[in-house]
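# Results of the structural survey
Chain residues, written in single-letter form:
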Amino acid sequence: LDAVEAAEAALARAVAAVGVAVVYGAPQRRPDGLANAVVHVDRGGTATAYAKTHMDARERRVFTPGTSYAVVGADRLGLACCYDLAFPEPSRMLALQGARVLLVPMAWEVARSFVLERVAGARAVENVAYLVCVNQCGTVGPFAFHGASRVVDPLGDTVVTLGNEETL
């Protein structure tokens, strides 16, 4: 965790120096435990973190769920994380707070990819918002990830879908 915090501080300095924004996932220490966080660092280097609210049983053994949602920037970017997408509430809470784009970094494995495939369009339509799903791809140890990152428009139409390899 010390190494993660040092890397986050270095990243915030680099973002401010270059003048771009970045979103990433990282474990974060909190007073009530460890959070599985999605962090947005704005162009000035200011970080806003969202602690994942919906977790599977394995995650709940390690992480404490968050209790609030984060909408950041002038573009009204709503932050969510992975399994949050399987439930309508996180996306709806973000939309009610003014999010126009829902950004969901995720690590959906191939075995559970049916959830991503079935609900992405619904979350966009339900909230009249763009949905950006950034899914891990490839394999890590015994885990095979689905990839298929995508952008879905507010009518539920997929604007772009990527494959199962690293790409932009």
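Relevant structure appears above.
Residues numbered from 1 in each chain as written. Predicted model: local features only at pLDDT ≥ 70, side-chain atom pairs only at ≥ 80, totals over all residues. Heavy atoms only, no water.

A word on the nonpolar core. The biggest cluster of nonpolar side chains holds 29 residues, and the ones touching the most others in it are L85, M106 and L131. Every element with two or more residues in this core is listed here: β4 (70-72), β5 (77-79), β6 (101-106), α4 (113-127) and β7 (130-135). With 5 residues, α4 is the single largest residue contributor to this core. The residues contacting L131, other than those within four sequence positions of it, are L85, L102, V104, A120, R123, A124, R150, V151 and V152. Judged by nonpolar contacts, the second largest core, of 7 residues, contains A12, V15, Y24 and A26. (Core = buried A, V, L, I, M, F, W, Y, C linked by side-chain atoms within 4.5 Å. Buried < 20%, exposed > 50% of the residue type's maximum accessible area, 1.4 Å probe, protein only. Helix = DSSP H or I, 4+ residues; strand = E, 2+ residues; numbered from the N terminus. Contact = heavy atoms within 4.5 Å.)

In this fold, A35 is placed in strand β2 (residues 33-41). Expressed as a C-alpha distance, the spacing of A35 and V71, which sit 36 residues apart in the sequence, is 18 Å. The residues touching A35, leaving out its near neighbours within four places in the chain, are A26, P27, Q28, R30, A51, F63 and T64.

The next subject is the packing of aromatic side chains. For the coordinates displayed, the defined rule picks out 4 aromatic pairs. On the basis of an interplanar angle of 20 degrees and a centroid distance of 5.9 Å, the ring pair of Y50 and Y69 is categorised as stacked. Taken as a pair, Y50 in strand β3 (residues 47-51) and Y69 in the loop between α2 (57-60) and β4 lie far apart in primary sequence, 19 residues in all. The same class applies to Y50 as to Y69, namely buried. Ring geometry for F143 and F145: centres 6.4 Å apart, planes at 35 degrees, overall tilted. The class for F145 is buried, based on a relative accessible area of 8%. (Phe/Tyr/Trp six-rings, centres within 6.5 Å; stacked < 30°, edge-to-face > 60°.)

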